[in-house]
Amino acid sequence: MSTRVNPNLIKEIKKFGASDWNACFHCGNCTAVCNLTEEGVLFPRKEIRALQMGLEDKLISGVEPWVCYYCGDCTETCPRDANPGELMMSVRRWLTTKYDWTGLAGLFYKSLPALIIGFILVAIGVFAIGFVKDFNHEAVMHFGHKLEFWLIISVFTLILVPNILRMFYFTVIKPKVNASFRSYIDAVGTLFLHMFTQIKTLKCDKQTVRWLEHLLVVLGYLGLLVITVFLDWFGTENKIIIYLGYITGGLVFIFTALLLFSRLNKEREVNKYSQPTDWFFIIWLFLMGLTAFLVRLFIDTGLLANHFWLYMVHLMILAQWGILIVPFGKWTHFLYRSFALSFANLKKAALNVKVAAAA
Ligand code: SF4
Ligand code: SF4
């Protein structure tokens, strides 16, 4: 594997977060206190070392930054205040821009004006579609329903799947990870387990409440997605689907509100350093859940006919979420982390085979 040195690596990654990497004197305390490290998957000292030495390829080929759930234990106990937890977060942000083939993730991470322009353009686009359709309620809502469906299909096939394949190339193919077919089958199980449960968070100390909040947000979000896109929540008369929509929409906005307060209060280590993309992610998720909930409530109470602006606001937030935040923002962390955990299992399996062969 290439060992190309990038002398500007530290400077580059500093654009993705706050940390004083050079303060680290490699005592190894952070790796020792981290409950998520294990044989073959050691961090965060290793990443700091790679960063300080400018070993870009080594950093890109690692899955370890995604195994970190940012509990903050390492940061609290670092004798040099080097903030290794935030370092791992910054590396994760940087990695998303390396996986992204379009280059837009990097642009939006580094340039707030570019991100704001993106949000404004999408808002104008949504308004223009409403205008073209004479703000006819039925026509605009029909368009909104189709938009959700086609956004999911196109974002996944054109952006997220190619990016996952790039990640697979960087972390498994290029470093020549030689895992058995059986390990790949197991990796699929790991992928879905972690995607839906994020169960590894519980290995960290005092993270049960945070884990539960995230779990409820993820379940609410996925449930709302299925109910609105595939079960046509705004158009259905089916009482069960309607109530399920209220429950999932409520879960999303109530629990994202809690996460939002926690980020505002900076109570947890994970919330102490926020980038604009972190704020957009959490605020837009909150607004999506809230406006979806209110639109259905307005439909059920007969208020939507005179307050169609609410649906237009919901559609605008939805379009911004689907076009900007899901493919290029913080949402991708959810996906990359799940895949990284299954790639980490492939690496561990390949390492075990090597050790067994050498014994
Ligand atoms: S980040 Fe802190 S705890 Fe970790 S190796 Fe460096 S000095 Fe030690
Ligand atoms: S923040 Fe927590 S999970 Fe991440 S490296 Fe530090 S101790 Fe480990």
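Bear in mind the structure is a predicted one, so any value in this text is a computation, not a measurement.

A. Geometry of the site of ligand 1. Lining the immediate environment of ligand 1, one finds 14 residues, of which Cys24, Cys27, Gly28, Cys30 and Cys78 sit closest. Secondary structure elements with two or more residues in the shell around ligand 1: helix H2 (29-33) and helix H3 (45-52). Considered class by class, the residues forming the shell around ligand 1 number nine nonpolar, three polar and two charged.

B. Quick peek at the site of ligand 2. All residues in the neighbourhood of ligand 2 are listed as Cys34, Leu36, Phe43, Pro44, Cys68, Tyr69, Tyr70, Cys71, Gly72, Asp73, Cys74 and Gly85. Of the residues contributing to the shell around ligand 2, the split by class is nine nonpolar, two polar and one charged.

C. Here's a closer look at the nonpolar core. Grouped together as the largest cluster of nonpolar side chains are 107 residues, with contacts concentrated most on Leu51, Trp94, Trp233, Tyr311, Trp321 and Trp331. Counting residues per element, this core draws most heavily on helix H15 (residues 308-328), which supplies 13 residues. Composition of this core by domain shows at least three residues from each of domain 1 (9-99) and domain 2 (104-351). Residues within four places of Leu51 in sequence aside, it is in contact with Leu9, Ile10, Ile13, Trp21, Leu59, Leu87 and Val91.

D. Region of interest: the domain arrangement of the protein chain. By domain assignment, the protein chain separates into domain 1 (9-99) and domain 2 (104-351). With centres defined by C-alpha atoms, the gap from domain 1 to domain 2 works out at 26 Å. Residue-level contacts link 34 residues of domain 1 with 37 residues of domain 2. Summing both sides of the interface, domain 1 and domain 2 together bury roughly 3,300 Å²; the carbon and sulfur share of this comes to 62%. When the buried area of domain 1 at its contact with domain 2 is split by residue, Trp66, Tyr69 and Tyr99 rank highest and sum to 25% of it. Connecting domain 1 to domain 2 are three salt bridges. Between Lys200 and Glu38 there is a salt bridge, and its shortest N-O distance comes to 3.3 Å. Taken together, domain 1 and domain 2 are joined by twelve residue pairs in polar contact (both at pLDDT 80 or more).

E. Broad picture of the environment of Ala257. Topologically, Ala257 is positioned in helix H13 (residues 239-265). Spatially, the C-alpha atom of Ala257 lies 8.3 Å from that of Ile283, the residues being 26 residues apart in sequence.

F. Focus on the side chain of Thr201. Tracing the sequence through the fold places Thr201 in the loop between helix H11 (181-197) and helix H12 (208-230). Setting aside chain neighbours within four positions, we find Thr201 in contact with Tyr69, Gln207 and Trp211.

G. Here's a closer look at H15. Helix length check: H15, at 21 residues, gives a terminal C-alpha distance of 30 Å against a target of 30 Å (1.5 Å per residue), a fit within 8%. At Trp321, H15 is deflected by roughly 35°, the largest bend along its length.

H. Spotlight on the environment of Asp81. Position of Asp81 relative to the elements: it lies in the loop between helix H6 (73-77) and helix H7 (84-99). Sequence spacing of Asp81 and Cys24 is 57 residues, and the spatial spacing of their C-alpha atoms is 8.0 Å.

I. Representation of the packing of aromatic side chains in the model. Overall, the coordinates contain 28 aromatic pairs when judged by the stated rule. Look at Phe192 and Phe196: their rings are 6.3 Å apart centre to centre, the planes differ by 10°, and that puts the pair in the stacked class. On the criterion of helical spacing, the pair formed by Phe192 and Phe196 is a turn pair, its members being four residues apart in helix H11. Judged by its relative accessible area of 44%, Phe192 is partly exposed. Looking at Phe196, the relative accessible area reads 35%, which means it is partly exposed. Seen from their ring centres, Phe234 and Tyr311 are 6.1 Å apart, and the 85° between their planes marks the pair as edge-to-face. A residue pair is termed long-range when its members are at least 10 positions apart, and Phe234 in the loop between H12 and H13 and Tyr311 in helix H15 qualify at 77 residues. With a relative accessible area of 3%, Tyr311 lands in the buried category.

J. Here's a closer look at unusual backbone geometry. Note the cis peptide between Phe43 and Pro44, where omega equals 0°. Tracing the chain through its elements places Pro44 in the loop between H2 and H3. At Phe135, a position not held by glycine, the phi torsion is positive, near 50°. Tracing the backbone through its elements, the reader meets Phe135 in the loop between helix H9 (112-132) and helix H10 (137-173). Residue classification places Phe135 among the partly exposed residues on the basis of a relative accessible area of 28%. The phi dihedral of Gln198 is positive, around 50°, even though this residue is not glycine. Position of Gln198 relative to the elements: it lies in the loop between H11 and H12. Residue class for Gln198 comes out buried when judged on its relative accessible area of 15%.

Here is what the cut-offs are and how they apply
Residues numbered from 1 in each chain as written. Chains lettered and ligands numbered in written order. Predicted model: local features only at pLDDT ≥ 70, side-chain atom pairs only at ≥ 80, totals over all residues. Heavy atoms only, no water. Near = heavy atom within 4 Å. Helix = DSSP H or I, 4+ residues; strand = E, 2+ residues; numbered from the N terminus. Nonpolar A, V, L, I, M, F, W, Y, C, P; charged D, E, K, R; others polar. Core = buried A, V, L, I, M, F, W, Y, C linked by side-chain atoms within 4.5 Å. Buried < 20%, exposed > 50% of the residue type's maximum accessible area, 1.4 Å probe, protein only. Domains from an automatic or database assignment. Contact = heavy atoms within 4.5 Å. Buried area = accessible area lost by both parts, 1.4 Å probe. Salt bridge = Lys/Arg side-chain N within 4 Å of Asp/Glu carboxyl O. Polar contact = N/O pair within 3.5 Å; in protein donor to acceptor, adjacent residues only side chain to side chain. Expected span 1.5 Å × (residues − 1). Bend = angle between axes of the 7 residues up to and from the residue. Phe/Tyr/Trp six-rings, centres within 6.5 Å; stacked < 30°, edge-to-face > 60°.

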